[in-house]
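# Structural overview for review
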Amino acid sequence: MAKVVKFGGSSLADANQFKKVAEIIRADKDRRYVIPSAPGKRFGADVKVTDMLYACYDAVLAGKNALAEFRPIANRFNEIISDLGLTISLDDEYDRIIENFKKKSGSDYAASRGEYLNGLILANFIGYDFVDAAKAIHFRPDGTFDADLTDASLSMILGGYKRAVLPGFYGAKPCGTIKTFSRGGSDFTGSIVAKAIKASLYENWTDVSGFLVADPRIVENPEGIETITYRELRELSYMGAGVLHEDAIFPVREAKIPINIKNTNQPQAHGTMIVPVAEVSGKEPVRVITGIAGKKNFSVIHIEKDEMNNEIGFLRRILTLFETEGVSFEHIPTGIDTMSIVVNSSVLETHPNLPELISKVARPGQLEIEHKLALIAIVGRGMKERRGTATRVFAALSHARINIRIIDQGSSELNIIVGVNEDDFEKAIKAIYNALVLGEV
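Residues numbered from 1 in each chain as written. Predicted model: local features only at pLDDT ≥ 70, side-chain atom pairs only at ≥ 80, totals over all residues. Heavy atoms only, no water.

### Quick word on the overall build of the protein chain
- Helices and strands together make up the secondary structure of the protein chain, namely 14 helices and 15 strands.
- Relative to its length of 441 residues, the protein chain is compact, with a C-alpha radius of gyration of 25 Å against a globular reference of 22 Å.
- Overall size of the protein chain, expressed as C-alpha extent along the three principal axes, is 75 × 55 × 40 Å.
- Buried residues in the protein chain amount to 52% of all 441 residues.
- Long-range pairs, those at least 24 residues apart, make up 75% of the contacts in the protein chain with a sequence separation of at least 6.
- Across the protein chain, the 53 positively charged side chains and the 57 negatively charged ones have centroids separated by 4 Å. (Helix = DSSP H or I, 4+ residues; strand = E, 2+ residues; numbered from the N terminus. Rg over C-alpha atoms; globule rule 2.2 N^0.38 Å. Buried < 20%, exposed > 50% of the residue type's maximum accessible area, 1.4 Å probe, protein only. Contact = heavy atoms within 4.5 Å. Lys, Arg positive; Asp, Glu negative; His and termini not counted. Charge placed at Lys NZ, Arg CZ, Asp CG, Glu CD.)

Structure, rendered in structure tokens:
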């Protein structure tokens, strides 16, 4: 049995946090493979080390003194080493990084050094072997992630270590050039490591005790989510629930490995367990919904044409246009003679001629565009078991005097998407939460 444990930047921001992490790892002998992030913020006005590295690299490219620019970063790591009472020196590593910055090694290389250096310190502190992610995580020459090669490589390399620290966030191309995942990519590293070693559990340690039913910046003291399925999480992550990098779901879902989101500062808390399939107990779910999440900045292209339903190829022509223009859409609610295409508002900024192109290929009777739309997803496997969920959502919004501009529900009954004016976004989420979680109207 082996567990993969990933610790976020806030969990490794300073020596005190390192000590908490070490206690967590030592408390369970199955926590054998550790994925660290770069040091995060120690306090509100602090700067993450990754951001310091980006800024340092840009300064070096601009001709500033590399040694002077890198010194605050070195001081940050040296402070952790000193406060932990370690005797290691990273001076040679600092010199190598500075020289590579001067050689224009790339912003990906620069950003990755936070995880790399933190990994070296953590491995030394807990007595684990260190494995450089550049030797085990592979990208193709075009920069795309090579999942198959990485899976085989990680399985072979980590199979030779009983316990190891492997930094998150980066890997390398065949030529040795460092390539990073998107921000938050250490979550993904942990996921692919878990898949490769066939872990029993992937623990993702952060500064919150799992997922909440709604955004605490909008709803005061929302309830926590104890168990959520991969499908539910995918829906909520897509709509902005940001505890876990959304791509981290896929490798472990394929391998049916559960994820436990845990709080480094409250290790005894249950957190949120993310599972392939929720257990069926035969009882009605305690709560109808699992979570509520949403985002602003959407626009809707309304298309109307008589007898649209009888026109063969109508939808295909529009979708082919979107593909040709390299444009993605969010939702397409349809009627007999109407179609609404929901897109991120930035699409119409980068492709201002899109409505004109749609008119050419579809020849609609009418085409209108509405802006400043917010989308809200109400997600939950419990909606299948209980009638009237949509009615309660719509009633709650009606009582709150909020106009619904878009409704979209998939056949799986896993989620309901509603579109409202951006000005009503926060008010709408509160109304839905009060109705479906607190039982208020």
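### Some remarks on the nonpolar core
- Within the largest apolar cluster, 121 residues are counted, with the highest numbers of intra-cluster contacts made by F70, F101, L166, I376 and I378.
- With 10 residues, the single largest contributor to this core is helix α5 (residues 107-126).
- When neighbours within four sequence positions are excluded, L166 is seen to be in contact with V34, I35, P36, V131, A133, A136, I137, L154, L158, T189 and V193.
- Counting residues in hydrophobic clusters, the runner-up holds 18 residues, among them M308, V327, I332 and L354. (Core = buried A, V, L, I, M, F, W, Y, C linked by side-chain atoms within 4.5 Å.)

### Comments concerning the packing of helix α3 (residues 66-83) against α5
- Closest axis-to-axis distance for the α3/α5 pair is 11 Å, and the angle between their directions is 15°. Of the possible angle classes, the one that applies to α3 and α5 is roughly parallel. When the axes of α3 and α5 are compared, the crossing they make is right-handed. Contacts between α3 and α5 involve F77, I80 and I81 on the former and, on the latter, G114, L117, N118 and I121.
- Of the residues contributing to the contact of α3 with α5, the split by class is 5 nonpolar, 2 polar and no charged. (Axes fitted to C-alpha atoms, helices over the stretch in contact; angles between N-to-C directions. Parallel < 35°, antiparallel > 145°, perpendicular 65-115°, else oblique. Left-handed = near helix turned anticlockwise from the far one by under 90°. Nonpolar A, V, L, I, M, F, W, Y, C, P; charged D, E, K, R; others polar.)

### Side note on the sheet that holds strand β8 (residues 227-229)
- Reading across from one edge, β3-β4-β2-β1-β7-β9-β10-β8 is the order of the 8 strands in this open sheet, with mixed pairing throughout. Here the strands that pair on one side only, and so sit at the sheet edges, are β3 (129-130) and β8.
- Two strands pair when backbone bridges link them, and strand β2 (residues 31-36) and strand β4 (residues 164-165) are joined in this way by 2 bridges, in the parallel orientation. By the bridge assignment for β4, Y33 is matched with A164.
- Those strands touched by helix α8 (residues 230-238) are β8, β9 (259-263) and β10 (272-275), and its axis lies near 85° from that of β8. (Pairing = 2+ DSSP bridges.)

### Re the pattern of salt bridges
- Across all of its chains, the model carries 18 salt bridges by this definition.
- The partner of K29 in a salt bridge is D30, and the shortest N-O contact between them spans 3.6 Å.
- Overall, the relative accessible area of 60% leaves K29 in the exposed class.
- Here E203 makes a salt bridge to R31, at a shortest N to O gap of 2.7 Å. Here E203 is found in strand β7 (residues 201-206), whereas its partner R31 is found in strand β2, with 172 residues between them in sequence. By the burial criterion, E203 is buried, and R31 matches it.
- When salt bridges with common partners are traced through the structure, they connect R42, D46, R76 and E79 into a single cluster. (Salt bridge = Lys/Arg side-chain N within 4 Å of Asp/Glu carboxyl O.)

### Some thoughts on a nonpolar patch on the surface
- On the surface, L315, L319 and F329 cluster together into a nonpolar patch covering about 220 Å² of accessible area.
- Mapped onto the fold, F329 is located in the loop between α10 (314-325) and β12 (338-344).
- Classification of F329 as partly exposed rests on a relative accessible area of 36%. (Patch = residues over 30% accessible without salt bridge, like charges linked within 9 Å, V, L, I, M, F, W, Y side chains within 5 Å. Areas by Shrake-Rupley, 256 points an atom, 1.4 Å probe, with all protein chains shown as cover.)

### What about a negative patch on the surface?
- A grouping of E304, D306, E307 and E368 is seen on the molecular surface, where their side chains present a negatively charged patch.
- Along the polypeptide, E368 turns up in strand β13 (residues 366-379).

### Quick look at helix α4 (residues 91-102)
- For α4, built from 12 residues, the straight-helix expectation of 16 Å at 1.5 Å per residue is met to within 8% by its first-to-last C-alpha distance of 17 Å.
- Taken residue by residue, α4 has E93, Y94, I97, I98 and F101 as its buried positions. Mapping the buried residues of α4 onto a view down its axis gives an arc of 135°, with all of them on the same face.
- On its buried face, α4 is in contact with α2 (49-61), α3 and α5.
- In the stretch just after α4, K104 is the one whose phi turns positive, near 60°. (Expected span 1.5 Å × (residues − 1). Arc of directions from axis to C-beta.)

### Comments concerning the side chain of T264
- Residue placement: T264 occurs in the loop between β9 and β10.
- We classify T264 as buried; its relative accessible area is 2%.
- Here the side chain of T264 touches S11 through a polar contact of 2.6 Å, side chain to side chain.
- In this structure, T264 is in contact with F7, S11, Q17, K20, V21, I24, W205 and T206, ignoring residues within four places of it in sequence. (Polar contact = N/O pair within 3.5 Å; in protein donor to acceptor, adjacent residues only side chain to side chain.)

### Concerning the sheet that holds β13
- In space, the 5 strands of this open sheet follow the order β12-β11-β13-β15-β14, with antiparallel pairing throughout. Where the open sheet ends on each side, the last strands, each with one partner, are β12 and β14 (404-409). When the angles between neighbouring strand axes are averaged without regard to direction, this sheet yields 35°.
- As defined by bridge partners, β13 adjoins strand β15 (residues 415-421) across 7 bridges and the pair is classed as antiparallel. Along β15, the bridge assignment pairs I378 with I416.
- Running at roughly 70° to strand β11 (residues 291-304), α8 makes contact with β11, β13 and β15 of the sheet.
- Packing of helix α13 (residues 389-399) onto the sheet brings it into contact with β13, β14 and β15, and relative to β15 it is tilted by some 15°.

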